[in-house]
Number of protein chains: 2
Amino acid sequence: MKAAVQKTIDRYLEDRGLRMTRQRRDIIEAVFLSEEHFTAEELMVRAQKLNPRTSRATVYRTLVMLVDAGVLGEVELGKGQRFFDPNFGERPNHSHLICVDCGTVIEFEDSHMEVLEDCLTRRLGFRPSRKSLRIEACCEQVRKEGICENLIKARVGKGAQR
Amino acid sequence: MKAAVQKTIDRYLEDRGLRMTRQRRDIIEAVFLSEEHFTAEELMVRAQKLNPRTSRATVYRTLVMLVDAGVLGEVELGKGQRFFDPNFGERPNHSHLICVDCGTVIEFEDSHMEVLEDCLTRRLGFRPSRKSLRIEACCEQVRKEGICENLIKARVGKGAQR
DNA sequence: GTTCGTGCAAACCGTTTGCACCGAC
DNA sequence: GTCGGTGCAAACGGTTTGCACGAAC
């Protein structure tokens, strides 16, 4: 985990008179173990490897806290599940491109997109805020071959949904 | 309802050997009564005015069908609820701007946005697909006055959530 | 008459919450 | 010792599903 993130969290807790507990430490560690997006359930599994007594409730409560502290992003990927994005703290303006077929998520930053977003938003009488931008698309491989590894994985994993 | 939509639906049913029932007719009528976004629950209320025996299950099943037929759009507005967009059939490329504070949703179309989206998507090796674009922002009124009518309505409606 | 559709209620699934105990400060 | 945190299990809310009955075709 980056030192800046650690510092932000410490500050957040201190400002509010909250405590750094064993469980929070473990869950936070699990959050920043990788740069991948994850669901609450996935985080639970990871956190329970660090501390088997971690409860679902604490995981959810810690996620709310981290999002509120601004070190963790929420991404709407559809399909009824919330995903969390540990790269948010460092690159709060990145966008997501999502394959509608295989679910692959690509993060990208583009200055043109940002400028345009800013213009549009202001033109419509709004102030740009959380800039969570989401494009659904279809990856080349699925397009050409009708299948890709992620799609295979998805099907094996949860029984050919989508 | 536009004739084109009607036609698409008829075609969809016929191609699959499905039937046009009283309930489907009523629910579809309710869907296109206004141009506003709505939730499944809101649609249920409207549909039940047309036919008090309408069941929740049929509403959900009909929604799935209409989205599949391409005459109805799904919008992720966050907050754990799915919204449906009856304007999707006529303007499949419009985007949504959402006020993070009051929940106001503005639909807009912008050719620059589309071009950029197209470029970005291709550059990343994807083929643009459902183009559901979503920007979270904050409306001027909330910005200046800290409140707007929509925010008041939202608070009255469901008890100051958000 | 066959097959698809419907209504009901129960199941589902991700998430939140009330409560009694626990532990950081 | 105090007060915030935790774990558990139950509640929640939106959505889906199994099943027997009903109705298009």
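Refer to the structure printed above.
(A) Representation of the protein's contact with DNA strand C in the model. In the neighbourhood of DNA strand C, 19 residues make up the surrounding shell, with A:Arg19, A:Tyr60, B:Thr21, B:Arg24 and B:Thr58 lying closest. Atoms of DNA strand C within 4 Å of the protein belong to the sugar or the phosphate in 65% of instances, the rest to bases. Taking B:Arg19, its side chain carries an N or O atom lying 2.9 Å from a base oxygen of DNA strand C. Listing elements by their share of the surface near DNA strand C, those giving two or more residues are α4 (56-69) of chain A together with α2 (22-31) and α4 (56-69) of chain B.

(B) Local environment of the packing of helix α1 (residues 3-16) of chain A against α4(A). All names here are of chain A. One way to put it is that α1 packs onto α4 with a least axis distance of 10 Å and a crossing angle of 105°. As far as their axial angle goes, α4 and α1 are roughly perpendicular. Residues Thr8, Ile9, Tyr12 and Leu13 of α1 form the contact with α4, whose own contacting residues are Met65, Leu66, Asp68 and Ala69. Within the contact of α1 with α4, the residues separate by chemical class into six nonpolar, one polar and one charged.

(C) Expanded view of the packing of aromatic side chains. Residues and elements named next belong to chain A. Across all of its chains, the model carries two aromatic pairs over all chains by this definition. The interplanar angle of 25° and the centroid separation of 5.9 Å between the aromatic rings of Phe38 and Phe84 together place this pair among those described as stacked. A residue pair is termed long-range when its members are at least 10 positions apart, and Phe38 in the loop between α2 (22-31) and α3 (40-50) and Phe84 in strand β2 (residues 82-85) qualify at 46 residues. Here Phe38 and Phe84 have matching classes, each one buried. One Lys or Arg, Arg16, reaches over the ring of Tyr12 and ends 3.8 Å from the middle of that ring.

(D) Quick look at the side chain of B:His37. Among the secondary structure elements, B:His37 is positioned in the loop between α2 and α3 (40-50). Discounting residues that sit within four places of it in the chain, B:His37 has contacts with B:Glu42, B:Val75, B:Phe83, B:Phe84, B:Asp85, B:Pro86, B:His96, B:Val105 and B:Glu107.

(E) Summary view of the protein's contact with DNA strand D. What surrounds DNA strand D is a group of 19 residues, the closest being A:Thr21, A:Gln23, A:Arg24, A:Thr58 and B:Tyr60. Sugar plus phosphate, as a fraction of atoms of DNA strand D within 4 Å of the protein: 65%. A:Gln23 has a polar side-chain atom sitting 2.9 Å from a sugar or linking oxygen of DNA strand D. A:Thr58 is positioned such that a nitrogen or oxygen atom in its side chain is 2.6 Å from a phosphate oxygen of DNA strand D. Among the elements of the structure, α2 and α4 of chain A together with α4 of chain B are those that each provide at least two residues to the surface near DNA strand D.

(F) Seen up close, α2(A). Residues of α2(A) that are buried include every one of A:Asp26, A:Ile27, A:Ile28, A:Ala30 and A:Val31, and no others. On its buried face, α2(A) sits against α1, α3 and α4 of chain A.

Basis of the calculations
- Residues numbered from 1 in each chain as written.
- Chains lettered and ligands numbered in written order.
- Predicted model: local features only at pLDDT ≥ 70, side-chain atom pairs only at ≥ 80, totals over all residues.
- Heavy atoms only, no water.
- Near = heavy atom within 4 Å.
- Polar contact = N/O pair within 3.5 Å; in protein donor to acceptor, adjacent residues only side chain to side chain.
- Helix = DSSP H or I, 4+ residues; strand = E, 2+ residues; numbered from the N terminus.
- Axes fitted to C-alpha atoms, helices over the stretch in contact; angles between N-to-C directions.
- Parallel < 35°, antiparallel > 145°, perpendicular 65-115°, else oblique.
- Contact = heavy atoms within 4.5 Å.
- Nonpolar A, V, L, I, M, F, W, Y, C, P; charged D, E, K, R; others polar.
- Phe/Tyr/Trp six-rings, centres within 6.5 Å; stacked < 30°, edge-to-face > 60°.
- Buried < 20%, exposed > 50% of the residue type's maximum accessible area, 1.4 Å probe, protein only.
- Lys NZ or Arg CZ within 6 Å of the ring centre and 35° of its normal.

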